[in-house]
Amino acid sequence: MQNNQLSAGAGKAEIHFPEAIFPLEGFQGVHDAPAARVLLLHCGERAAIVCLELVMLPPGGIDAVRQMVCEITNTEYEHIWVHTTHAITTPHEPHAPVGMGGVPLEISGEERKNLERKTALYRKAVQDAVSQAAREAVRTVRAARMGVGAGACHVNGNRDVCTDYGWWI
């Protein structure tokens with residue numbers, strides 16, 4: 001007999017990018033650490049929603065996150081949704097420079113090694129945070145109820161940054 005009682009658990013962990021990946025895309029470090037969040041739902045079947053405060057995650061990164069969440073939460077791979085918030089306050093995963101039409105540009109062997117090192121550090125930071133958030137989601141699962149409502153929040157916040165080229169929002 002299938003249990004149709006809704007249960008839910010949630011986890012959050014900061015993504016700690018190590019200093020060794022900077023500078024990267026003009027970023028010199030982290031001001032406010034981005035987070036990884038996992039929402040685990042169960043009502044007859046298990047599903048997970050993974051939210052990453054990143055600009056984007058390449059397909060290989062999405063696959064790695066889904067596989068990790070699958071193993072930690074015992075959720076079917078196909079029932080895991082990964083999305084990024086497109087927060088422009090974080091750098092992209094390091095990648096080789098590209099030219100017109102997405103054609104990779106030539107880089108030296110030393111530049112390639114440095115790029116590979118930074119990419120590995122970036123991926124590890126994301127995966128560590130997802131792992132921690134997924135484990136917390138499993139640990140916090142409990143009976144839940146679902147409701148619907150409406151509200152309003154008249155607050156807007158952003159950080160204006162003065163650069164050599166003017167203000168950046």
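Everything below is about the structure shown above.
Described below are features of the structure shown in this document. Bear in mind that the values here come from a model prediction, so they are computed numbers and not experimental data. (Residues numbered from 1 in each chain as written. Predicted model: local features only at pLDDT ≥ 70, side-chain atom pairs only at ≥ 80, totals over all residues. Heavy atoms only, no water.)

## Topic: the sheet that holds strand 1 (residues 7-14)
Okay, step 1: Taken in spatial order, the five strands make up an open sheet running 4-3-2-1-5, and their pairing is mixed. Two strands in the sheet have a free side with no partner beyond their single neighbour: strand 4 (80-84) and strand 5 (142-143).
Okay, step 2: Each of strand 2 (35-42), strand 3 (46-52) and strand 4 touches helix 1 (residues 59-73); the most contacted strand, strand 4, lies at about 135° to it.
Okay, step 3: Along the sheet face, helix 2 (residues 109-139) touches strand 1, strand 2 and strand 3 and points at about 150° away from the line of strand 1. (Pairing = 2+ DSSP bridges. Helix = DSSP H or I, 4+ residues; strand = E, 2+ residues; numbered from the N terminus. Contact = heavy atoms within 4.5 Å. Axes fitted to C-alpha atoms, helices over the stretch in contact; angles between N-to-C directions.)

## A closer look at the side chain of Thr75
Okay, step 1: Residue placement: Thr75 occurs in the loop between helix 1 and strand 4.
Okay, step 2: Look at Thr75 and you get buried, because its relative accessible area is 1%.
Okay, step 3: Within the local environment of Thr75, its side chain forms a polar contact with the side chain of Thr73, the two groups lying 2.7 Å apart.
Okay, step 4: Apart from the residues within four sequence positions on either side, Thr75 is in contact with Leu40, Arg46, Ala47, Ala48, Cys70 and Ile80. (Buried < 20%, exposed > 50% of the residue type's maximum accessible area, 1.4 Å probe, protein only. Polar contact = N/O pair within 3.5 Å; in protein donor to acceptor, adjacent residues only side chain to side chain.)

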